[in-house]
Amino acid sequence: MVEWMEDKLMEPLGKIAQNKYLQSIRDAFVIFALPIIITGAIFLIIANPPTSLDWGIINAWEDAIAPIQGQILFPYNLTFGIMAVTVAFGVGYSLAQRHDMDAAMAGILSMLAFIMTAFPVTDITQVPFGDILDYLGGQGLFVAIILGVLTTEAMRFLINKGVAFEMPAGVPPYVMRTFRALIPFMIILPIVWILEWIVWANFKVTIPQAVLDLFSPLVSASNSYWAALGMILLMLVLWSIGIHGMNVVSSVAYPFWMTQMAENADAISAGNPGEATGIVTEPFFHMFTHIGGSGATLGLAIFLLFSASVQLKQVGKTAIIPSLFNINEPLIFGVPIVLNPILIIPFVLGPVVIVTVNYILFATGVMPPVVVQPPFTVPIFFGGFIATGGSAIAGLVQIMNAIIAAVIYWPFFKQYEKQLVREEKSTSEA
């Protein structure tokens, strides 16, 4: 089976992980959008304190901010509200870097093209900005990604074909950059404007609205239990043969995850928590499934510290601190788990059980929805608490998930430990 996966899966999936377009999309979210999302989420939490705890200080906090909740949500609305604008810039910038182009100009072009599609082609002074904000944010992500790729590729094509002003030697670099980008800007932006005008004139919707309607079945499908199960299985099977599974899956699924989370945050902000139904988000995996790193290996890292095997104990000493911050490459390659027929079983089985339990808890409302994407290095309990906007239950569920995984790992760990102890003993006697 391992040989088949190496022959049939490793090469094509490795190519997917290295695909320049998918890498640029992932970079746009992680490098450019994430700081904005986290900053905005802080104000969302402040404006919506965790009243489920029923603590006096939190209830007093809620009463105190009630008259100014709209003002507190102002930074949230503007940060989440321009998420897609940031992603459009990030995709163009990252892709241009991979093409050795002027990344800043490509990012600006992508951003302007996207903004142009978000407004109806009418008297713009009569369009309320608040009506457009959703499509500049989470609901415009798909168009932002598509335009980020298309405009950058169009700009590269035009420049490579010589459709650009080339200045003589000696002209300052900043002037040369401006004139080289000028003709691509003058060609691409009018084309986008004409397309938006055609769509608006015929259907009375903007391009992001039309594309969102087109992709809505895919967004809904990505939020199902079977989608979550398929994603976690693919992540861990890939890791089992040495491919970074989270990178492969996230490069394709990130837009769907972020759309779900943005809709949750919008529903909470609007005071409609019942409409926050997005379950399969980035934190669903990074915060609630990958406890200690991919494969939920925190419990295994603790077992290694007390192992009778010299090798495993040494790996445990090296891996325990990174594992507390959800980094487990030292463990995956040091134990190793990769291509290890004994430990691959709990490595896959544990997260499958956790995903199933977590999906039920989110779907039944036991845990509040995810509204924040913390950095994946946030330790256990705190990550769940932050991701759900201040739910202590979510933090406790993270601890429960770690215990579930540890129980599943235990018999397989002991079997592998016995094998290594026998090998170490025979080696020392020889």
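Before any of the text, the structure's been laid out above.
For clarity, every value in this text was computed on a predicted model and none was experimentally measured.

Cut-offs used in this document
Residues numbered from 1 in each chain as written. Predicted model: local features only at pLDDT ≥ 70, side-chain atom pairs only at ≥ 80, totals over all residues. Heavy atoms only, no water. Helix = DSSP H or I, 4+ residues; strand = E, 2+ residues; numbered from the N terminus. Rg over C-alpha atoms; globule rule 2.2 N^0.38 Å. Buried < 20%, exposed > 50% of the residue type's maximum accessible area, 1.4 Å probe, protein only. Contact = heavy atoms within 4.5 Å. Areas by Shrake-Rupley, 256 points an atom, 1.4 Å probe, with all protein chains shown as cover. Lys, Arg positive; Asp, Glu negative; His and termini not counted. Charge placed at Lys NZ, Arg CZ, Asp CG, Glu CD. Phe/Tyr/Trp six-rings, centres within 6.5 Å; stacked < 30°, edge-to-face > 60°. Core = buried A, V, L, I, M, F, W, Y, C linked by side-chain atoms within 4.5 Å. Axes fitted to C-alpha atoms, helices over the stretch in contact; angles between N-to-C directions. Parallel < 35°, antiparallel > 145°, perpendicular 65-115°, else oblique. 1 Å grid on protein atoms, 1.4 Å probe; cavity = no way out; pocket = protein on both sides within 12 Å on 5 of 7 lines; lining within 4 Å. Points joined across faces, edges and corners; volume = space filled by probe spheres on them. Nonpolar A, V, L, I, M, F, W, Y, C, P; charged D, E, K, R; others polar. Expected span 1.5 Å × (residues − 1). Patch = residues over 30% accessible without salt bridge, like charges linked within 9 Å, V, L, I, M, F, W, Y side chains within 5 Å. Salt bridge = Lys/Arg side-chain N within 4 Å of Asp/Glu carboxyl O. Left-handed = near helix turned anticlockwise from the far one by under 90°.

1. Some remarks on the overall build of the chain
Scanning the chain for helices and strands turns up 19 helices and zero strands. In terms of overall dimensions, the chain is globule-like: its C-alpha atoms have a radius of gyration of 25 Å, near the 22 Å expected for 430 residues. If you line up the chain on its principal axes, its C-alpha atoms span 80 × 60 × 40 Å. A burial count over the chain gives 51% of its 430 residues as buried. Of the contacts made within the chain by residues no fewer than 6 positions apart, 73% connect residues no fewer than 24 positions apart. Of the roughly 19400 Å² of accessible surface on the chain, a fraction of 69% belongs to carbon and sulfur atoms. One way to put it: in the chain the 16 positive side-chain charges average out to a point 13 Å from where the 26 negative ones average out.

2. Structural notes on the packing of aromatic side chains
Inspection of the entire model under this criterion finds 21 aromatic pairs. Each ring, one from Tyr225 and one from Tyr359, has its centre 5.8 Å from the other, and the planes form 70 degrees; the classification is edge-to-face. Of the two residues, Tyr225 is situated in helix α11 (residues 225-240) and Tyr359 in helix α17 (residues 344-363); the sequence distance between them amounts to 134 residues. Consider the rings of Phe288 and Phe362, whose centres lie 5.4 Å apart with planes at 90 degrees: the pair is edge-to-face.

3. Regarding the nonpolar core
With 104 residues, the main nonpolar core has Val87, Phe114, Met231, Trp257 and Phe285 as its most contacted residues. Broken down by element, the residue count for this core peaks at 12 residues, all from helix α12 (residues 245-269). Setting aside chain neighbours within four positions, we find Met231 in contact with Ser222, Val249, Ala253, Trp257, Val280 and Phe285. Judged by nonpolar contacts, the second largest core, of 14 residues, contains Ala96, Met101, Ala103 and Leu158.

4. What about the environment of Gly384?
You can see Gly384 is positioned in helix α18 (residues 382-387). Residue classification places Gly384 among the buried positions, given a relative accessible area of 0%. Separated by 10 residues in sequence, Gly384 and Ala394 have C-alpha atoms that sit 5.0 Å apart. What Gly384 contacts, discounting residues up to four positions off in sequence, is Phe288, Ser391, Ala394, Gly395 and Gln398.

5. Comments concerning the packing of α11 against α12
Close contact between α11 and α12 brings their axes to 8 Å; oriented N to C, the two are set at 155 degrees. As judged from the angle between their axes, α11 and α12 are roughly antiparallel. Contact with α11, carried on its side by Met231, Leu234, Met235, Leu238 and Trp239, involves Gly245, Met246, Val248, Val249, Ala253 and Trp257 of α12 and no other residues of that element.

6. Topic: unusual backbone geometry
Glycine aside, the phi torsion of most residues is negative, and most peptide linkages are trans. The peptide bond linking Val335 to Pro336 adopts the cis configuration, its omega dihedral lying at -10 degrees. Of note, the phi angle at Asp100 is positive, near 60 degrees, even though the residue is not glycine. Residue position: Asp100 is located in the loop between α5 (83-98) and α6 (103-118). Judged by relative accessible area, which is 72%, Asp100 ranks as exposed. One non-glycine residue, Lys204, lies in positive phi territory at about 55 degrees.

7. Looking at the layout of surface pockets
The volume enclosed by the second largest pocket comes to roughly 380 Å³. Around the second largest pocket, the lining is made up of 23 residues, and of these His244, Met246, Asn247, His286 and Phe376 lie nearest the centre. Those elements that provide at least two residues to the lining of the second largest pocket are α2 (20-47), α12 and α13 (282-286). Classifying every residue of the lining of the second largest pocket by side-chain character gives nine nonpolar, 10 polar and four charged.

8. Section: helix α8 (residues 141-160)
Over its 20 residues, α8 extends 29 Å from the first C-alpha to the last, a length consistent with the 28 Å expected when each residue adds 1.5 Å. Backbone geometry just downstream of α8 places Gly162 in the positive-phi region, at approximately 80 degrees.

9. Considerations on a nonpolar patch on the surface
On the surface, a nonpolar cluster with roughly 700 Å² of combined accessible area is contributed by Val163, Ile187, Ile191, Trp193, Ile194, Leu195, Trp197 and Ile198. With respect to the helices, strands and loops of the structure, Trp197 is situated in helix α9 (residues 173-203). The partly exposed category is assigned to Trp197, whose relative accessible area is 44%.

10. So, the pattern of salt bridges
Within this structure, the stated rule accounts for three salt bridges. Residue Arg98 is joined to Asp27 by a salt bridge in which the shortest nitrogen-to-oxygen separation is 2.8 Å. Of this pair, Arg98 sits in helix α5 while Asp27 sits in helix α2; the two residues are 71 residues apart in sequence, bridging distant segments of the chain. Judged by its relative accessible area of 34%, Arg98 falls in the partly exposed class. Residue Asp27 is classed as buried on the basis of its relative accessible area, which comes to 14%.

11. Quick look at the environment of Trp257
Note that Trp257 resides in helix α12. The spatial distance from the C-alpha of Trp257 to the C-alpha of Glu282 is 5.6 Å, given a sequence separation of 25 residues. Contacts of Trp257, omitting those with residues within four sequence positions, involve Met231, Met235, Met246, Val249, Ser250, Val280, Thr281, Glu282 and Phe285.

12. Quick notes on the packing of helix α4 (residues 69-80) against α12
The interhelical angle for the contact between α4 and α12, taken along N-to-C directions, is 155 degrees, at an axis separation of 12 Å. Considering their axes alone, α4 and α12 lie roughly antiparallel with respect to each other. The handedness of the crossing between α4 and α12 is left-handed. Contacts from Leu73, Tyr76, Asn77 and Phe80 of α4 reach α12 at Ala265, Asp266 and Ser269. For the contact of α4 with α12, the residue count by class is four nonpolar, two polar and one charged.

Any link to function would need more than the numbers given here.
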